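Each chain is listed here by its residues.
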Amino acid sequence: MQSRRQTARFDAEMENSDRWSIERIREFERIDQPFPIASDQDIPTGRYTFTSQRVSYTGGPQRWASGNISYQWGNFYHGSIRSLSVSRGRVVVSNHLSLEPGASYNLLDLPEGEQTQAVFRLRSDYAFTPRMFASALFQYNEALRILSSNVRFRWEYAPGSELFVVWTDERDRSPQGIGLRGQALAIKITRLLRY
């Protein structure tokens with residue numbers, strides 16, 4: 001067996017659609033080759049069984065600002081983890097614009113030393129019309145110092161026919177980094193033909 005994940009979860013949904021959950025997670029991983037958990041730390045080969053707990057709260061979608069906040073603590077491979085994350089957050093700025101910020105912060109305590117990891121995300125959606133919109137996703141990984149972006153434009157110019165334009169960009173911002181890691185532009189046009 002390479003990996004296994006077992007969870008036990010209790011959810012409570014309130015009348016206002018807010019949700020609370022408590023979760024216990026037991027994982028098994030067999031590592032055949034060391035892999036990097038950070039720029040200067042590896043998880044060594046071996047068999048690992050570890051358990052953690054997570055408590056989370058999700059605000060109902062009827063609010064002008066909603067989302068999920070969770071805290072996890074427990075064992076992590078041959079050390080421990082404490083993690084705080086905010087995800088699926090959504091702030092409606094106007095009828096056309098919404099923002100979805102997100103962040104996660106992990107504190108790993110391993111025999112090789114402590115390691116912190118933070119990832120920040122921002123997604124935005126702008127609707128020009130019900131059939132034309134643009135969305136953008138920006139993400140920064142603090143441990144690896146990588147900034148990535150993805151911008152997408154979609155236009156349904158006729159029923160069932162669409163134009164997509166997608167731009168992606170990834171940059172290494174570390175002091176010894178290579179700078180630009182990759183860029184791509186993709187254009188897709190579909191046309192529905194009816195007989």
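Above this text is the structure in question.
Remember, it's a predicted structure, so these values are computed and weren't measured experimentally.

Participant: Would you mind going over the packing of aromatic side chains with me for this structure?
Facilitator: Centre-to-centre distance and the angle between the planes together describe a pair of aromatic rings. Under the counting rule described, the total for this entry stands at 10 aromatic pairs. Residues Trp20 and Tyr57 carry aromatic rings whose centres are separated by 4.7 Å and whose planes lie at 50 degrees to one another, so their mutual orientation is tilted. A residue pair is termed long-range when its members are at least 10 positions apart, and Trp20 in strand 2 (residues 19–31) and Tyr57 in strand 5 (residues 46–58) qualify at 37 residues. Overall, Trp20 belongs to the partly exposed group, its relative accessible area being 45%. Consider the rings of Phe50 and Tyr77, whose centres lie 4.9 Å apart with planes at 40 degrees: the pair is tilted.

Participant: Got a minute to help me understand the pairing of strand 7 (residues 79–92) in this structure?
Facilitator: Two faces, one strand: in a regular strand the side chains alternate between the faces of the sheet. Relative to strand 8 (residues 97–110), strand 7 runs antiparallel, the two being bridged by 9 bridges. Of the residues in strand 8, the one forming a bridge with Val91 is Leu99.

Participant: When you look at the pairing of strand 8 in this model, what are you seeing that I'm missing?
Facilitator: Between strand 7 and the antiparallel strand that follows it, strand 8, lie 4 residues. In this structure, strand 8 lies alongside strand 9 (residues 113–129), joined through 14 bridges in antiparallel fashion. Each bridged residue has a counterpart across the sheet, and for Leu97 the counterpart in strand 9 is Tyr126. Taken together, strand 8 and the strand that follows it, strand 9, pair antiparallel across an intervening segment of 2 residues.

Participant: Could you clarify how one ought to interpret the pattern of salt bridges in this entry?
Facilitator: As a working rule, side chains carrying opposite charge can pair if their charged atoms are close by. Following the criterion strictly, the structure yields 12 salt bridges and no others. Arg19 is the salt-bridge partner of Glu13, the closest N and O atoms lying 2.9 Å from each other. Note on Arg19: relative accessible area 33%, which makes it partly exposed. The network of salt bridges with common partners includes Arg9, Asp11, Glu13, Arg19, Glu23 and Arg54.

Participant: Help me out: how do you make sense of the environment of Ser17 in this one?
Facilitator: Tracing the backbone through its elements, the reader meets Ser17 in the loop between strand 1 (3–13) and strand 2. In this structure Ser17 comes out as partly exposed when scored by relative accessible area, which is 26%. Placed 44 residues apart in sequence, Ser17 and Pro61 show a C-alpha to C-alpha distance of 7.7 Å. Leave out the neighbours within four places in its chain, and Ser17 touches Thr58, Gly60, Pro61 and Gln62.

Participant: Sorry if this is basic, but what is going on with the side chain of Asp18 here?
Facilitator: Following the sequence through the fold, Asp18 ends up in the loop between strand 1 and strand 2. Within polar-contact distance, the side chain of Asp18 engages the side chain of Tyr57 at 2.8 Å. Residues contacting Asp18, with those up to four places away along its chain left out, are Ala12, Glu13, Tyr57, Thr58, Gly59, Gly60, Gln62 and Arg63.

Cut-offs and rules
Residues numbered from 1 in each chain as written. Predicted model: local features only at pLDDT ≥ 70, side-chain atom pairs only at ≥ 80, totals over all residues. Heavy atoms only, no water. Phe/Tyr/Trp six-rings, centres within 6.5 Å; stacked < 30°, edge-to-face > 60°. Helix = DSSP H or I, 4+ residues; strand = E, 2+ residues; numbered from the N terminus. Buried < 20%, exposed > 50% of the residue type's maximum accessible area, 1.4 Å probe, protein only. Pairing = 2+ DSSP bridges. Salt bridge = Lys/Arg side-chain N within 4 Å of Asp/Glu carboxyl O. Contact = heavy atoms within 4.5 Å. Polar contact = N/O pair within 3.5 Å; in protein donor to acceptor, adjacent residues only side chain to side chain.

Take it as geometry only, folks, not as evidence of what the structure does.
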